[in-house]
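Residues per chain are reported as follows:
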4 protein chains.
Amino acid sequence: LPLVARRQISVFGAGVPTPRELELAEEVGRLLAEAGVTVVTGGLSGVMEAASRGAAEAGGTVLAILPGEDPHGANRYATVVAATGTGHARNLAVAASGDAGIAIGHGWGTLSEIGLARKIGRPVVVLVGPDIEGLHRAETAEQAVRLARLLSD
Amino acid sequence: LPLVARRQISVFGAGVPTPRELELAEEVGRLLAEAGVTVVTGGLSGVMEAASRGAAEAGGTVLAILPGEDPHGANRYATVVAATGTGHARNLAVAASGDAGIAIGHGWGTLSEIGLARKIGRPVVVLVGPDIEGLHRAETAEQAVRLARLLSD
Amino acid sequence: LPLVARRQISVFGAGVPTPRELELAEEVGRLLAEAGVTVVTGGLSGVMEAASRGAAEAGGTVLAILPGEDPHGANRYATVVAATGTGHARNLAVAASGDAGIAIGHGWGTLSEIGLARKIGRPVVVLVGPDIEGLHRAETAEQAVRLARLLSD
Amino acid sequence: LPLVARRQISVFGAGVPTPRELELAEEVGRLLAEAGVTVVTGGLSGVMEAASRGAAEAGGTVLAILPGEDPHGANRYATVVAATGTGHARNLAVAASGDAGIAIGHGWGTLSEIGLARKIGRPVVVLVGPDIEGLHRAETAEQAVRLARLLSD
């Protein structure tokens, strides 16, 4: 029974998002799960929770990578939890664990995840967020997921 | 569909183990998976791979927490991968992500995982390893798994 | 002999900068040292080395916070070295160790340091870099140092 | 002005030590500083503070590597502060930043620092602590400092 590594895609976003961002995050999570992709997030509230809910409700695998030491600190939609204990340095783990990243938000944490992901060569698709050269842009959740899957092949 | 957080138990052990340690690790992985527990390891070779194989072949969920930045660097039995990018500091994440830890080996990495796990209050069961006050001991894989499950309730 | 904690200010910037960025970095380092401020950098080449050289040649204290495990991997102008062993997660340490940050460059690593610094509430002065709301801007090295010192009081 | 990297030696030890451990730590700090060695510690109380005090009062350089994000969280004897923000993962940085380590204590954090230091090849001298193969032992502060300096050449 040799296992085949599943594709993993990370979703970056703020803990205190707008309603539009939440909606997009949930749809992104659902679409990734329907495509058989494991969804990676920072494991807390807001965009992280919405993407996780979308994925979990579609039967997907959801990896929460937490800043704290308590694996029970993840939102309820995580199916597997990595409690790093390294604070905001877990943003590097969120960025690295995805074959690509999808950004939904304008927060400083999201910006750091974009920077770290690009620093280590991960493609990043921005659905909502900063307009910086070297990032891909998408207008809809469907476009973002299609592009992120393509870029992580 | 509110999900219930699954129990997670970590297995600590060396990349270059003895045959006896490999055998124990594989059995520990299998027994944890059969009990519905997600197995957490450092994601590389040796004890980490043997425990992962035991769990994966029993249909379990296996979380590899890697030191490097490449999620494809895990052994083939990982079903979900956290690539921390933080080197040996990932030992803290391996220790923290389990509700308890099972140690199989005498290596320095294993010792650091035991120290970090106890520092943050995780119970540790030693199947093979140092004889230090404050650690639980088990003689068989079955005993280790039973004890670790009990201690992480 | 109760010691008084010295002010520390971090300089963020790329390993492969432009000549103009190098010149600014060296001047920033010198001015910080002359003001009695300890200069914190990522400890490698480019902007990090230029700022360190400017500070060290002015007799200042220079803390290199390295991604690797080898304290001898810092540039030659570091007077004290923290070898974190945590890869790009050391960007968080560079950001946190300064009472304020000065950014000189457009790289992804610099962007991640800006994001992490702001996430934990550090003021950031941009001398060369992205134009994002919530960051302070300066036109000259002198202005940047004056502003960073003011903001970190 | 090409600088010569100064020797750095780390002191591992508990936040809540015995009086004997405090005395040894202060003497170790003093002797290291008198030998021109920069003292590296975890930056908090107990053994960390005593070693720092010994070194600072002898006019030495003392690097505090903190778990938290606040550089002002170090004990008052630190002359330079790295605030890692990575919790107990800073133990890796404490271990890596010294050319050798001196352990004074039986705590779990100390044990993890010993394990991490040995994992990355640093020699460790135990003044007070576990009796494990692969570690050097010393009976007095003077012996520990002499041995650690010799081993880090």
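As a reminder, the structure under discussion sits directly above these lines.
Keep in mind that this is a model prediction, so the values were computed, not measured.

Enquirer: Tell me about the sheet that holds strand 2 (residues 38–41) of chain A, and name the residues and values.
Expert: Residues and elements named next belong to chain A. Overall, parallel pairing links the 7 strands, which are arranged 4-3-2-1-5-6-7 in an open sheet. Lying at the two open borders of the sheet, with one neighbouring strand each, are strand 4 (80–83) and strand 7 (136–137). Inspection of the sheet shows strand 3 (residues 62–66) paired to strand 4 by 4 bridges, in the parallel sense. Bridge pairing in strand 4 places alanine 64 opposite valine 81. Taken strand by strand, helix 1 (residues 19–34) contacts strand 1 (8–13), strand 2, strand 5 (100–104) and strand 6 (124–128), and its axis lies near 155° from that of strand 5. Sitting on the sheet, helix 3 (residues 90–97) is in contact with strand 1, strand 2 and strand 3, with an inclination near 140° to strand 1.

Enquirer: Describe in detail the relation of the copies chain D and chain B, supporting the description with residues and values.
Expert: Superposition record for chain D on chain B: RMSD 0.0 Å, screw rotation 180°, translation along axis 0.0 Å. Taken together, the rotation and translation relating the two chain copies correspond to the operation of a two-fold axis. Of the C-alpha atoms belonging to chain D, the one lying closest to the rotation axis is found on Ser112(D), 2.0 Å away. Here 100% of the interface residues in chain D have copies in chain B that are interface residues too; the copies meet face to matching face.

Enquirer: Outline the relation of the copies chain A and chain B, listing residues and values.
Expert: Rotating chain A by 180° and translating it 0.0 Å along the rotation axis places it on chain B, where the RMSD comes to 0.0 Å. The overlap is high: 100% of the interface residues of chain A also sit at the interface in chain B, so the same surface is used on both sides.

Enquirer: Outline empty space enclosed by the protein, listing residues and values.
Expert: For the coordinates displayed, the defined rule picks out 2 cavities of 30 Å³ or more. Forming the boundary of the largest cavity are Thr84(C), Thr86(C), Ala89(C), Arg90(C), Ala93(C), Thr84(D), Thr86(D), Ala89(D), Arg90(D) and Ala93(D). Per-class residue counts for the lining of the largest cavity are 4 nonpolar, 4 polar and 2 charged. Roughly 40 Å³ of internal volume is contained in the second largest cavity. Where the lining of the second largest cavity is concerned, the elements lending two or more residues are helix 3 of chain A together with helix 3 (90–97) of chain B. A per-class count over the lining of the second largest cavity returns 4 nonpolar, 4 polar and 2 charged.

Enquirer: Report on the pairing of strand 5 (residues 100–104) of chain C, specifying residues and quantitative values.
Expert: For a regular strand, side-chain orientation follows a simple rule: the groups alternate between the two sheet faces. Residues and elements named next belong to chain C. In terms of residue burial, strand 5 counts as a mostly covered element, since 5 of its 5 residues are buried. Burial along strand 5 is two-sided: the face carrying Ala100, Ile102 and Ile104 and the face carrying Gly101 and Ala103 are both buried. As paired elements, strand 1 (residues 8–13) and strand 5 share 5 bridges and run parallel to each other. Across the sheet, glycine 13 pairs through a bridge with isoleucine 104, a residue of strand 5. When strand 5 meets strand 6 (residues 124–128), the two strands line up parallel, connected through 4 bridges. Bridge pairing in strand 6 places isoleucine 102 opposite valine 125.

Enquirer: Could you give an account of the side chain of Glu21(D), naming the residues involved and the relevant values?
Expert: Residues and elements named next belong to chain D. Tracing the chain through its elements places glutamate 21 in helix 1 (residues 19–34). Among buried charged residues, glutamate 21 stands out as having no salt bridge; its nearest opposite-charge side chain is arginine 20, 8.8 Å away. Excluding anything up to four places from it in sequence, glutamate 21 contacts Val47, Ile104, Gly105, His106 and Val128.

Enquirer: For the interface of chain A and chain B, give the residues involved together with the corresponding values.
Expert: Residue-level contacts link 33 residues of chain A with 33 residues of chain B. Approximately 2,600 Å² of surface area, both sides summed, lies buried where chain A meets chain B, with 58% of it carried by carbon and sulfur atoms. At the junction of chain A with chain B, the criterion picks out 0 salt bridges. Connecting chain A to chain B are 8 residue pairs in polar contact (both at pLDDT 80 or more). Grouping the amino acids of the side of chain A that touches chain B by side-chain chemistry returns 18 nonpolar, 9 polar and 6 charged.

Enquirer: Please set out the interface of chain D and chain B residue by residue, giving values where relevant.
Expert: The interface of chain D with chain B comprises 19 residues on the first partner and 19 residues on the second. For the chain D and chain B pair, buried surface summed over both sides reaches about 1,500 Å², with 84% attributable to carbon and sulfur atoms. Three residues stand out in chain D for area buried against chain B, namely His88(D), Trp108(D) and Lys119(D), and they jointly supply 42% of the buried area on that side. Linking chain D to chain B there are 0 salt bridges. Inspection of the chain D/chain B interface yields 0 residue pairs in polar contact (both at pLDDT 80 or more). Looking at the side of chain D that touches chain B, the elements that each hand over two or more residues are helix 3 (90–97) and helix 4 (108–119) of chain D. With 9 residues, the single largest contributor to the side of chain D that touches chain B is helix 4 of chain D. In terms of residue class, the side of chain D that touches chain B is built from 9 nonpolar, 7 polar and 3 charged.

Enquirer: Which residues make up the pattern of salt bridges, and what values go with them?
Expert: Residue and element names in this part refer to chain B. If you walk through the whole model with that rule in mind, you get 20 salt bridges over all chains. Put simply, arginine 7 and aspartate 153 hold a salt bridge, and the shortest N to O gap is 2.7 Å. Taken together, the residues span a long stretch of sequence, with arginine 7 in the segment before strand 1 (8–13) and aspartate 153 in the segment after helix 5 (141–151) at a distance of 146 residues. Of the residues examined, aspartate 153 reaches a relative accessible area of 74% and is grouped as exposed. For glutamate 23, the salt bridge goes to arginine 20, with nearest N and O atoms at 4.0 Å.

Enquirer: Any chance you could break down helix 1 (residues 19–34) of chain B for me, citing the residues and the numbers?
Expert: All names here are of chain B. The first and last C-alpha atoms of helix 1 sit 23 Å apart over 16 residues, in line with the 22 Å expected at 1.5 Å per residue. Within helix 1, burial applies to Glu21, Leu24, Ala25, Val28, Gly29, Leu31, Leu32 and Ala33. On the buried face of helix 1, the contacting elements are strand 1, strand 2 (38–41), helix 2 (47–57), strand 5 (100–104), strand 6 (124–128) and helix 5. Just downstream of helix 1 lies glycine 36, where phi reads positive at about 80°.

Enquirer: Give me the lowdown on the environment of Ile9(A), citing residues and values where you can.
Expert: Residue and element names in this part refer to chain A. Take isoleucine 9: it is sitting in strand 1. Distance from isoleucine 9 to aspartate 99, taken between C-alpha atoms, is 5.5 Å for residues 90 residues apart in sequence. Contact partners of isoleucine 9, with chain neighbours within four places excluded, come to Leu32, Val37, Thr38, Val39, Val40, Gly98, Asp99, Ala100, Ile102, Ala148, Arg149 and Ser152.

What counts and what doesn't
Residues numbered from 1 in each chain as written. Chains lettered and ligands numbered in written order. Predicted model: local features only at pLDDT ≥ 70, side-chain atom pairs only at ≥ 80, totals over all residues. Heavy atoms only, no water. Pairing = 2+ DSSP bridges. Helix = DSSP H or I, 4+ residues; strand = E, 2+ residues; numbered from the N terminus. Contact = heavy atoms within 4.5 Å. Axes fitted to C-alpha atoms, helices over the stretch in contact; angles between N-to-C directions. Least-squares fit on C-alpha atoms with pLDDT ≥ 70 in both. 1 Å grid on protein atoms, 1.4 Å probe; cavity = no way out; pocket = protein on both sides within 12 Å on 5 of 7 lines; lining within 4 Å. Points joined across faces, edges and corners; volume = space filled by probe spheres on them. Nonpolar A, V, L, I, M, F, W, Y, C, P; charged D, E, K, R; others polar. Buried < 20%, exposed > 50% of the residue type's maximum accessible area, 1.4 Å probe, protein only. Lys, Arg positive; Asp, Glu negative; His and termini not counted. Salt bridge = Lys/Arg side-chain N within 4 Å of Asp/Glu carboxyl O. Buried area = accessible area lost by both parts, 1.4 Å probe. Polar contact = N/O pair within 3.5 Å; in protein donor to acceptor, adjacent residues only side chain to side chain. Expected span 1.5 Å × (residues − 1).

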